[in-house]
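# Reading the structure
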Amino acid sequence: QVQLVESGGGLVQPGGSLRLSCAASGIIFSTYTMSWYRQAPGKQRELVATISRSSATNYVDSMRGRLTISRDNAKNTVYLQMNSLQPEDTAVYYCNANKTSALRNYWGQGTQVTVSS
């Protein structure tokens, strides 16, 4: 059974930081591309950051410079460090594991990030 369990969300003031974690089980973690998505109320889910099997990273333009995605294959965990958070970053953040070659795609349950004073 595949599980992706996010943690680290919460309420933070504008300009603050959060570090999200996503612990994976039931997959060979090192063989998956890992990503973070977010979905704000009334909006479509959007990709914010991706880290490949070789740890190459990519970020959405609107958050570039404020995000760092990383992975620890020994712990089967992917992280998202978010800095200088703004109210428009408020959303549910989802972890995704993808292996296109095997048509495998998995989602976590999401963690709420609220940026407000």
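Structure's up top.
These remarks concern the structure in this document. (Residues numbered from 1 in each chain as written. Predicted model: local features only at pLDDT ≥ 70, side-chain atom pairs only at ≥ 80, totals over all residues. Heavy atoms only, no water.)

Time to look at the state of the cysteines. Scanning the model with the defined rule gives one disulfide in all. Between the sulfur atoms of cysteine 22 and its disulfide mate cysteine 95 the distance is 2.1 Å. Measuring the twist about the S-S bond at about -80°, one finds the cysteine 22-cysteine 95 disulfide to be left-handed. Of this pair, cysteine 22 sits in strand β3 (residues 18-25) while cysteine 95 is found in strand β9 (residues 91-99), placing the two residues 73 residues apart along the sequence. Taken individually, cysteine 22 and cysteine 95 each receive the classification buried, so the pair is uniform in this respect. (Disulfide = S-S within 2.5 Å. Helix = DSSP H or I, 4+ residues; strand = E, 2+ residues; numbered from the N terminus. Buried < 20%, exposed > 50% of the residue type's maximum accessible area, 1.4 Å probe, protein only.)

Let's shift gears to the nonpolar core. Core analysis: the largest hydrophobic core is formed by 30 residues, its most contacted members being Met34, Trp36, Val78, Leu80, Met82 and Tyr93. Secondary structure elements with two or more residues in this core: β3, β4 (33-39), β5 (46-51), β7 (67-72), β8 (77-82), β9 and β11 (111-115). (Core = buried A, V, L, I, M, F, W, Y, C linked by side-chain atoms within 4.5 Å.)

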